[in-house]
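Now for the letters of each chain:
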Amino acid sequence: MRGLAGAMNNEKDVDVVVIGSGMGGATFAAGLAPSGARIVILERGERLIDSPETRDPRAIFQRGFFRPRETWYDAAGAPFNPGNYYYVGGNTKLYGAVLIRYRAQDFRPVQYAEGATPGWPFDYEELEPWYGRAEALYQARGRLGDDPTEPRHSTPYAFPPVPDEPAIAAVRERLKRVGLHPFSLPLGVDIDKWLVRGKTPWDAYPNTDSGKMDAETCALKAALAHENVTLLTAARAARLETDGAGKKIVGVLYEKNGETFRLRPRAVALAAGAVNSALLLLASANGAMPDGLANRSGQVGRHFMNHNSSAALAVDPFAINDSIYQKTIGLNDFYLDDGRGGPPLGNVQLLGKISGAILKSQLRRAPERMLDILARRAVDFYFMSEDLPSPESRVRLDGSRVVLDWRPSNMAAQNGLIARMREMLKAAGFPIVLVKPFDRRTPSHQCGTIRMGSDPARAAVDPHCRAFDHPNLCVVDAGVLPTSASVNPALTVAALALRAAEHIRAEIST
Ligand SMILES: Cc1cc2nc3c(=O)[nH]c(=O)nc-3n(C[C@H](O)[C@H](O)[C@H](O)COP(=O)(O)OP(=O)(O)OC[C@H]3O[C@@H](n4cnc5c(N)ncnc54)[C@H](O)[C@@H]3O)c2cc1C
C-alpha cells in the first residue's frame, strides 16, 4: 500500500461523498443529484458483469460463485462466509425485488409474546410520500386492495403485478379456500425482460440489467445521468476523519488499486450496509471520538437485527409445480395477530422457485435428480418474523476481524408462524411441510446497527438520518432502521434515503 503522504494529487475537494452504491447510497445519490452538488460515490465492488454463471443455479448456490471471499466470526470465534454482496448496487443485485412498505403498525410499539418493539420517532404518514417516490424510482409492480394490512397509499402502483404462473394461480386459489388472503407481492421485476435472458427465478440470482429493478439499474443510473455525479468502483472507504474537536467530518480516506486517496467533502452519506457502515464508524475512532464516530451514545454496532426466517417446502405429491419464478404471492394473515387474537407472528411470501440444484447446496449427499423430483412437487415459502432490537446483539471489530454476535430474539413468533402455516398448508392440501431456518450466513436483512431516534443518548442518528455527533454526516442504509418489522427492508431503506437527500439538499446545493 503506498501512503498518502506527499501525494497532493491524491486529494480532492467535493461536496458530498456517498459511501456505498447499494439501496441506500444509490437512492440517496439519485435524490440529491438534481441539486448540482459535486457527488462522488465510493463503491468497494465492481460492476457485476454478465456471464453464464448469472443464471446457473449450481454456480450460484452450490459453488457460491458470487459470494464474497470474506470471513466473519460469530461470538464464539467460529468463522463463516456471509452472503453479503459487494458489487455496484450492493445486495440488491441478488435481492428478491420485493418492494413492500412497512405496515403502519410497525412504526408504533408492537407487543410480541417475548417482548416489544420501541416504535419509530415518527409515524407511517411521515414516510408515506417517500414510499411513493421510491416505488416510482424502482418501478414497483403491485395491486392495492388484496392485503388487509396494506397501509394507505397516496399514489397507486404504476404497473400491474407480476402475473402468477398457472401452477401458482392454483396455489393462490388453494390458499383462499382455507380462508387466507393471498396478495400479489409488490415487485420490481419486468418479467418479460427477465425471462428473455434465461428461464430462471430472480430471487438470489444476480441481475445484469435483465429486468430486475435494483439499485444500480434504477437509482444509480438516474444519478449518473447528472454530470455532477461520479462513481468510483473498487474504491473502499477505509476511514473517516474529523476536525480536531471531533465535530465535523473533514476527510474520507479510500483505497483503490493499492493506493490511498483522500476526499475532502462538505458532507458525507454513509451507506456501506448495516454491518460495514457500523464497522467503518468504529474503525474511524480518534482522540476526540475514542469510541468511534457518531458513537457518543455507544449505540453504533448494537441492535443488530436480521429477520428470523425459514424456508419451507410445502409438498403435494400429486401436483407438479412447473413454475419458473414462482415468487408472486404474499400472506399477511398472521402479521397483526396470530389469527386467534394472540400476538403477531409475521409475513409469509413465496420464494423464487427452488430446484434440485438449489436443494443440493444444503443436502450435499443427496442425488440432485432425487432432489429435483421433490422440488417439482413442492411450493416454496419464506416465513419471516421480526427480530427485536437488543443492545447485546451486535457487530464489532476484533483487530481486523469482523465479529457478528447476532442474538436472534422473538423466536416464539417465528415458531408460531411455522406452526400456523403448517396447519394452513396441510388444510390446503400439502401434507408434507419441510422447514429449514436461515442462519447467520444469510445476513440478507441486516439492519439496526446505527439506529435512528429522537434521543441522542439512545440513538446514533436523528429522525432525518443525520448523526447527532456530526452535523455533516448522515447514514442512509439499513443501519438506521430502529425496528426490522416483518417485511423486507429495501423499500423502506430507499424511502428514508430519498427523504434524507431532500433534507440536506438545501445546505449543500451549489
Ligand atoms: C439474496 C438476497 C435477497 C434479498 N431480497 C430482498 C427483497 O426481496 N426485498 C427487500 O426489501 N430486501 C431484500 N434483500 C435485502 C436488501 O438487498 C437490503 O436490505 C438492501 O440492499 C440494504 O441496502 P443498504 O444500502 O443498507 O446495503 P447494500 O444495498 O448492501 O449496499 C451497501 C453497499 O456498500 C458497499 N460497501 C461496503 N463497504 C464499503 C466500503 N468500505 N467502501 C465503499 N463501499 C462499501 C457494498 O459493496 C454495497 O454496494 C435481499 C438481500 C439478499 C442478499
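Residues numbered from 1 in each chain as written. Predicted model: local features only at pLDDT ≥ 70, side-chain atom pairs only at ≥ 80, totals over all residues. Heavy atoms only, no water.

1. Points about the nonpolar core
Move 1: With 132 residues, the main nonpolar core has Ile19, Phe28, Leu42 and Tyr138 as its most contacted residues.
Move 2: Counting residues per element, this core draws most heavily on helix H11 (residues 490-508), which supplies 12 residues.
Move 3: Ile19 has contacts with Leu42, Ala237, Leu240, Val252, Val268, Ala269, Leu270, Ala271, Ala272 and Leu280, leaving out every residue within four places of it along the chain. (Core = buried A, V, L, I, M, F, W, Y, C linked by side-chain atoms within 4.5 Å. Buried < 20%, exposed > 50% of the residue type's maximum accessible area, 1.4 Å probe, protein only. Helix = DSSP H or I, 4+ residues; strand = E, 2+ residues; numbered from the N terminus. Contact = heavy atoms within 4.5 Å.)

2. So, the site of the ligand
Move 1: Looking at the ligand, there are 34 residues lining it, with Gly24, Glu43, Gly96, Ala237 and Ala490 nearest.
Move 2: Contacts to the ligand include Arg44, whose backbone N or O atom sits 3.1 Å from a nitrogen atom.
Move 3: One of the side-chain nitrogen or oxygen atoms of Asn91 is found 2.9 Å away from an oxygen atom of the ligand.
Move 4: If the ligand stood free it would expose 990 Å²; the protein chains cover 95% of that surface.
Move 5: For the shell around the ligand, the secondary-structure elements that each account for two or more residues are helix H1 (23-32) and strand S9 (236-242). (Near = heavy atom within 4 Å. Polar contact = N/O pair within 3.5 Å; in protein donor to acceptor, adjacent residues only side chain to side chain. Areas by Shrake-Rupley, 256 points an atom, 1.4 Å probe, with all protein chains shown as cover.)

3. Concerning the pattern of salt bridges
Move 1: Summed over all chains, the structure comprises 31 salt bridges.
Move 2: Between Glu128 and Arg152 there is a salt bridge, with the nearest N and O atoms lying 3.7 Å from each other. You can see Glu128 sitting in helix H3 (residues 124-137) and its partner Arg152 sitting in the loop between H3 and helix H4 (166-177), a full 24 residues away along the chain.
Move 3: For Lys176, the salt bridge is made with Glu173, and the minimal N-O distance between the two is 3.6 Å. Residue Lys176 and its partner Glu173 are both found in helix H4; the two are separated by three residues, about one turn of the helix.
Move 4: For Lys176, a relative accessible area of 41% translates into the label partly exposed.
Move 5: A single network of salt bridges, built from pairs that share partners, joins Glu11, Asp13, Glu241, Arg262 and Arg264. (Salt bridge = Lys/Arg side-chain N within 4 Å of Asp/Glu carboxyl O.)

4. Considerations on the sheet that holds strand S14 (residues 347-350)
Move 1: Read across the sheet, six strands follow the order S7-S13-S14-S15-S12-S18 without closing on themselves; strand pairing throughout is antiparallel. Lying at the two open borders of the sheet, with one neighbouring strand each, are strand S7 (183-184) and strand S18 (432-437).
Move 2: Summarising the sheet, S7 and strand S13 (residues 329-331) pair through two bridges and their orientation is antiparallel. Directly across from Phe183, in S13, lies its bridge partner Gly330. (Pairing = 2+ DSSP bridges.)

5. Brief notes about the pairing of strand S15 (residues 378-385)
Move 1: For S15, a buried count of eight out of eight residues is recorded, marking the element as mostly surrounded by other parts of the structure.
Move 2: Both faces of S15 are covered, namely the face carrying Ala378, Asp380, Tyr382 and Met384 and the face carrying Val379, Phe381, Phe383 and Ser385.
Move 3: With eight bridges joining them, strand S12 (residues 308-315) and S15 adopt antiparallel strand pairing. Bridging from a neighbouring strand, Ala312 pairs with Phe381 of S15.

Interpretation note: all reported values are geometric properties and have no functional meaning in isolation.
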